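# Architecture at a glance
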Amino acid sequence: MDKFLIRGGAPLRGTIEISGAKNSALPCLAATLLTAETVTLHNVPYVKDLITQRRLLEDLGATVLTPELRTHKVTAKNIETFEAPYELVKTMRASVLALGPLLARFGQAKVSLPGGCAIGTRPIDLHLKAFEQLGATVSLESGDVVARAPSGRLTGAEISFEKVTVTGTENVMMAAALAKGKTTILNAACEPEIEDLAELLNKMGARIKGAGTATIEIEGVENLSGAEHTIIPDRIETGTFIVAAAITKGELEIRNCAPQHLVAVIEKLRAVGVDIEELNPNSLLVKCCDKGLTAQSVTTEPHPLFPTDMQAQYMALMTQAEGVSTITETIFENRFMHASELIRMNAKIEFSGSTARVRGVTDLTGARVQASDLRASASLVLAALCASGETLIDRVYHIDRGYENIVKKLGAVGAKIERITESAAKSAADQ
Ligand code: EPZ
């Protein structure tokens, strides 16, 4: 498994370009299954999860052309199978996003029930309950979710989610787009990625109103057509690089971003003492103010409040802030694995259940650490960038799932970071 070797202490200075949002590209690629016509998506990030999603579409029978690395032209004309197999789903739970479109267009879908992952059990019971409300029969057969629309077409309904679920909202939006009649989603997720998906679906001929709010209305239509769409910038990658500038006491210009998608993060980081200036609607200038950082507590909540996907990165920054901060994770039940690795780097963190208390400022020291999930990996990279000495991060395949070219992007602004591939490590060991 590849590793990152990082020598900390260098302030990052320069310009970083943000890639397309992984968590928008995943549902948008799934949405291409809703039509036999070609859907062209631009600004698709070149990350592992999207390579997996593309493979899923091709396994189902769709044609995916990439005239340019980040442009995907998908034609789901000859779909021969309606099954997302275990081998794929176990590597990427977002494969469940194929359920809604396959059910809506073909009246059937079979997706391996995703297991849990490092951050939690992550059930999809709310997705399945919603499909049943739309008239589908759903059963579990040898580990696979098998969904069928007995009458061949789903029927609109009022879906009230007892919990905010991002991919649950996305799955229902896609299923309802071709259902007979009207669907209303109550307590819908409000993430920018939901709005982006709705914009694509409406370009394809869907009739969706209210995306981005807690109530979404979908008037089902008979068919959807091809479209062209550009994926929004990745707000979590943006937040991660804002923290990178602050934690290394550097100065970064962050381009191709959408500051309006991470208002809660920007507000919290400004309160901590990070100097964040909007140069124009798509770029930020970030530097660490010279009076240092002040500990601020935070609780993760659904959008538009502070996102769970920034919690690990924020915890790394709090090790460099004066005072004690309390970080409360309310979305996932096990999202503090990065904390024990940060402690190996001399961070002063006490955590139990869903709350962690971080005492700063501590001088972090390089160590061998292990990534456990996507955002935990980002947290360890950030800590390593400001730690004294060398840090070796193992299992960086986690970070490759959601950060495009992170070694190249950080290296270009002065980070001392290199990827040690498994083969190189082996040959070095053999010498
Ligand atoms: C999406 O996951 C994101 N992934 C996650 O990003 C993100 O952390 C999460 O939303 C929360 O914002 C993608 O968009 C591909 P949820 P999702 O359904 O949709 C519970 C990253 O780092 N729940 O909003 O799977 C669930 O267990 C990833 O990029 C049920 O109980 O999350 C969790 O506690 C990590 N039953 C809460 O709801 C369900 O049927 C929120 O989950 C569905 C969810």
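Above this text is the structure in question.
First things first, this report covers the structure right here in the doc. (Residues numbered from 1 in each chain as written. Predicted model: local features only at pLDDT ≥ 70, side-chain atom pairs only at ≥ 80, totals over all residues. Heavy atoms only, no water.)

Now for the site of the ligand. Around the ligand, the surrounding shell holds 21 residues, and the nearest of these are D125, T165, T167, D309 and I331. The contact in question runs from an oxygen atom of the ligand to an N or O atom on the side chain of K22, over 3.0 Å. A distance of 2.7 Å separates an oxygen atom of the ligand from a polar backbone atom of L126. Burial of the ligand by the protein chains amounts to 90% of its free accessible area of 830 Å². If you list the elements that add at least two residues to the shell around the ligand, you get α1 (22-31), α5 (125-133), α6 (166-177) and α12 (374-386). A per-class count over the shell around the ligand returns 9 nonpolar, 5 polar and 7 charged. Split by domain, the residues of the shell around the ligand number at least three in each of domain 1 (3-19 + 233-430) and domain 2 (22-230). (Near = heavy atom within 4 Å. Polar contact = N/O pair within 3.5 Å; in protein donor to acceptor, adjacent residues only side chain to side chain. Areas by Shrake-Rupley, 256 points an atom, 1.4 Å probe, with all protein chains shown as cover. Helix = DSSP H or I, 4+ residues; strand = E, 2+ residues; numbered from the N terminus. Nonpolar A, V, L, I, M, F, W, Y, C, P; charged D, E, K, R; others polar. Domains from an automatic or database assignment.)

So, about α6. An ideal rise of 1.5 Å per residue puts 16 Å on 12 residues; α6 measures up with 17 Å between its terminal C-alpha atoms. Counted residue by residue, α6 has 10 buried out of 12 residues, so it is predominantly covered. At the N-terminal boundary of α6, the capping side chain belongs to T165, with an oxygen 2.9 Å from the backbone nitrogen of G168. (Expected span 1.5 Å × (residues − 1). Buried < 20%, exposed > 50% of the residue type's maximum accessible area, 1.4 Å probe, protein only.)

Right, let's talk about the pairing of strand β15 (residues 251-255) for a bit. Both strand β2 (residues 13-17) and β15 contribute to a ladder of 5 bridges, which runs parallel. Opposite R13, over in β15, you have E251 as the bridge partner. Summarising the sheet, β15 and strand β17 (residues 283-288) pair through 4 bridges and their orientation is antiparallel. Bridge pairing in β17 links E253 to L285. (Pairing = 2+ DSSP bridges.)

What follows deals with empty space enclosed by the protein. This model, assessed by the stated rule, comprises 3 cavities of 30 Å³ or more. Approximately 50 Å³ is the volume found for the largest cavity. Contributing to the lining of the largest cavity are L126, K129, A130, Q133, I159, S160, F161 and E162. Going through the elements one at a time, α5 and β10 (158-160) are the ones with two or more residues in the lining of the largest cavity. For the lining of the largest cavity, the element with the most residues is α5, which contributes 4 residues. Of the residues belonging to the lining of the largest cavity, the class tally is 4 nonpolar, 2 polar and 2 charged. A volume near 40 Å³ is recorded for the second largest cavity. Taken together, T240, F241, A244, A378, V381, L382, L385, I406 and L410 make up the full set of residues lining the second largest cavity. Those elements giving two or more residues to the lining of the second largest cavity turn out to be α8 (235-247), α12 and α14 (406-411). Considered class by class, the residues forming the lining of the second largest cavity number 8 nonpolar, 1 polar and no charged. (1 Å grid on protein atoms, 1.4 Å probe; cavity = no way out; pocket = protein on both sides within 12 Å on 5 of 7 lines; lining within 4 Å. Points joined across faces, edges and corners; volume = space filled by probe spheres on them.)

The subject of this paragraph is a nonpolar patch on the surface. On the surface, a nonpolar cluster with roughly 270 Å² of combined accessible area is contributed by Y46, I51 and L69. The residue Y46 is located in the loop between β3 (38-42) and α2 (48-60) in this model. Assessed through its relative accessible area of 42%, Y46 is described here as partly exposed. (Patch = residues over 30% accessible without salt bridge, like charges linked within 9 Å, V, L, I, M, F, W, Y side chains within 5 Å. Salt bridge = Lys/Arg side-chain N within 4 Å of Asp/Glu carboxyl O.)

Together, E251, D275, E277 and D290 line one region of the surface with negative charge. Along the chain, the position of D290 falls in the loop between β17 and β18 (298-299). (Lys, Arg positive; Asp, Glu negative; His and termini not counted. Charge placed at Lys NZ, Arg CZ, Asp CG, Glu CD.)

Inspection of the entire model under this criterion finds 3 aromatic pairs. A ring pair is formed by F306 and Y314, whose centres lie 5.4 Å apart and whose planes are at 70 degrees; its orientation type is edge-to-face. Judged on exposure class, the residue F306 and its partner Y314 are both buried. With a centroid separation of 6.0 Å and 70 degrees between ring planes, the pair formed by F336 and F351 is classed as edge-to-face. Placement of the pair is F336 in the loop between β19 (323-328) and α11 (337-344) and F351 in strand β20 (residues 348-352), with a sequence separation of 15 residues. Taking relative accessible area as the criterion, F336 reaches 6% and is therefore assigned buried. (Phe/Tyr/Trp six-rings, centres within 6.5 Å; stacked < 30°, edge-to-face > 60°.)

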